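Structure at a glance
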Amino acid sequence: MNIAVFGLGFVGLTTALGFADKGFSVRGFDINESRRVEISRGKLPFFEPGLDGALARNLGKTFAATDTAEEAAKTSDVCFFCVGTPANADGSADLTHLLSAMDGALAVTAETCVLVVKSTVPPGTLAKRVEPYIREKGRGNPVAANPEFLREGYCWEDFVNPDRIVCGVTDKAARELLSRLYESFGAPVRFVSPSTAEFIKYLSNTLLATLISYSNEMSLIANAVGDIEIANAFHILHEDKRLAGAGIDAYIYPGCGYGGYCLPKDTLALKAVSQANGVKPRSLGEVIALNNKMPEHTAQRIIDAAENNDAKIGILGLSFKPGSDDVRDSSAAKIIKILKEKGYGNIYGYDPLAIDEFRRVYGTDITCCSSANELCGTCDVVAVVTAWEEFKGLDKAFPNVKWVDCRYFL
Ligand SMILES: NC(=O)c1ccc[n+]([C@@H]2O[C@H](COP(=O)([O-])OP(=O)(O)OC[C@H]3O[C@@H](n4cnc5c(N)ncnc54)[C@H](O)[C@@H]3O)[C@@H](O)[C@H]2O)c1
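Just so we're clear, the structure is a prediction, and the values are computed from it rather than from any experiment. (Residues numbered from 1 in each chain as written. Predicted model: local features only at pLDDT ≥ 70, side-chain atom pairs only at ≥ 80, totals over all residues. Heavy atoms only, no water.)

A look at the site of the ligand
- Neighbouring residues of the ligand: 26 residues in total, closest Asp30, Arg35, Thr85, Glu152 and Lys265.
- Within the backbone of isoleucine 31, an N or O atom sits 3.4 Å from a nitrogen atom of the ligand.
- Interatomic distance of 3.0 Å between a side-chain N/O atom of arginine 328 and an oxygen atom of the ligand.
- Computed on the free molecule, the ligand has an accessible area of 840 Å², of which 92% lies beneath the protein chains in the complex.
- Looking at the shell around the ligand, its residues break down into 10 nonpolar, nine polar and seven charged. (Near = heavy atom within 4 Å. Polar contact = N/O pair within 3.5 Å; in protein donor to acceptor, adjacent residues only side chain to side chain. Areas by Shrake-Rupley, 256 points an atom, 1.4 Å probe, with all protein chains shown as cover. Nonpolar A, V, L, I, M, F, W, Y, C, P; charged D, E, K, R; others polar.)

Some points on the pattern of salt bridges
- Across all of its chains, the model carries 21 salt bridges by this definition.
- For lysine 118, the salt bridge is made with glutamate 148, and the minimal N-O distance between the two is 2.9 Å. Linking lysine 118 in the loop between β5 (114–117) and α6 (125–136) with glutamate 148 in the loop between β6 (143–145) and α7 (155–160), this pair joins segments that are 30 residues apart in sequence. Across this residue pair, the class does not change: lysine 118 and glutamate 148 are buried.
- Linked through salt bridges whose partners overlap, the residues forming this network are Glu152, Asp326 and Arg328. (Salt bridge = Lys/Arg side-chain N within 4 Å of Asp/Glu carboxyl O. Helix = DSSP H or I, 4+ residues; strand = E, 2+ residues; numbered from the N terminus. Buried < 20%, exposed > 50% of the residue type's maximum accessible area, 1.4 Å probe, protein only.)

Comments concerning empty space enclosed by the protein
- Overall, the coordinates contain one cavity of 30 Å³ or more when judged by the stated rule.
- By volume, the largest cavity is sized at about 40 Å³.
- Along its surface, the largest cavity is lined by Val117, Ser119, Thr120, Val121, Ala145, Asn146, Pro147 and Glu198.
- Of the residues contributing to the lining of the largest cavity, the split by class is four nonpolar, three polar and one charged. (1 Å grid on protein atoms, 1.4 Å probe; cavity = no way out; pocket = protein on both sides within 12 Å on 5 of 7 lines; lining within 4 Å. Points joined across faces, edges and corners; volume = space filled by probe spheres on them.)

Considerations on the sheet that holds strand β13 (residues 402–405)
- Read from one edge of the open sheet, five strands run β11-β10-β9-β12-β13, paired in parallel fashion. Single-partner strands in this sheet number two, and they are β11 (367–368) and β13.
- Note: strand β9 (residues 313–316) against strand β10 (residues 347–350), four bridges, orientation parallel. Following the sheet pairing, isoleucine 313 is matched in β10 by isoleucine 347.
- Along the sheet, helix α12 (residues 282–306) makes contact with β9, β12 (381–384) and β13, crossing β13 at roughly 170°.
- Its contacts with the sheet place helix α13 (residues 331–341) against β9 and β10, and it is angled at close to 170° to β9. (Pairing = 2+ DSSP bridges. Contact = heavy atoms within 4.5 Å. Axes fitted to C-alpha atoms, helices over the stretch in contact; angles between N-to-C directions.)

Following this line, the structure appears as structure tokens:
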């Protein structure tokens with residue numbers, strides 16, 4: 001079976017290499033030329049454990065990154081669309097990349113080629129936007145929704161060992177093809193309607209966002225009351241047998257607010273869909289509102305510790321979460337912006353993986369340090385913004401620094 005993958009980011013490259021590793025013939029295309037070139041040379045465009053080995057094993061054998069959409073799609077039996085679905089200004093999902101990738105595929109594929117949307121798209125997108133778009137072009141290709149649940153930092157592990165695989169189909173050929181593709185993954189394949197499949201992805205991400213905002217709200221209350229051991233309180237909460245061992249602890253824990261590529265835009269997109277369908281999303285609205293306030297709350301804790309504007313402030317952790325070099329919607333960027341706006345100009349930053357990416361995306365108006373020790377030795381106030389394991393214990397090594405443990409983990 002020939003597979004084409006559009007978009008070679010975290011989801012697309014993992015999908016392409018995951019199927020290539022299973023022995024399928026996979027061709028991937030990305031509109032970002034430098035990304036294509038890097039991948040073709042065997043280099044990962046981002047940090048992601050396990051993907052490097054999969055690229056080395058499959059490049060030039062079962063996997064190739066092509067220079068054109070046509071080369072990727074022309075002989076394919078199935079096309080996976082893994083392009084970005086960022087937020088529009090009103091919070092709704094921007095489908096421009098998805099529809100433009102589909103144009104590329106439709107121009108060259110046979111009518112039998114199954115078009116599978118793996119990008120996260122709001123419920124109703126396949127039925128109300130994608131399928132009509134394809135039919136208006138006079139094409140009868142089967143379509144399917146197959147949302148992805150992998151976590152950055154664990155892309156490979158999550159893709160090859162999924163909890164379950166969700167396939168939204170109405171078409172028999174699409175169902176048969178997806179059954180064959182996922183046969184060897186050893187996970188239950190749940191066939192549902194396309195809108196249900198799309199909805200399940202938002203159920204998952206909005207629940208995680210809700211747990212995070214709930215935890216952050218509790219930490220604000222606890223801080224205001226005072227004399228509450230916040231980290232301890234949450235760890236003891238996690239011992240409840242209804243939670244323990246479920247792997248959910250990381251989300252029921254306070255921090256600086258959720259960031260990254262998915263939760264911010266996906267909560268906004270579901271809110272927009274909800275409103276467009278006449279439902280005012282009360283709890284989801286508050287989850288988002290509280291999250292938007294978290295950088296301000298966090299910056300205020302740092303300012304309270306700093307005492308004056310000349311203080312040297314260190315930000316430990318620039319990526320949106322530990323184990324990743326992804327800085328999209330990272331808390332560090334939002335907190336630094338607020339500190340700068342409030343006149344705190346001496347800001348230093350360090351991250352084990354994400355310094356270069358942070359500089360590339362947000363510019364260089366902070367001083368980047370080459371190690372956590374250098375930062376702690378330089379700064380008056382140090383805020384832990386991303387919970388990298390290597391930051392543990394630094395407060396003991398640098399007792400003269402004023403510590404702001406924004407992740408409650410030192
Ligand atoms: N990152 C995650 O943890 C994660 C997890 C599950 C689902 N998702 C969803 O998967 C989708 C992709 O996310 P990602 O993190 O992989 O994004 P990404 O930004 O890492 O990758 C998207 C890629 O698509 C490429 N692209 C854009 N338009 C294209 C086109 N017309 N043809 C070919 N390539 C094109 C971009 O250049 C980019 O490399 C999103 O909808 C996201 O919400 C992401």
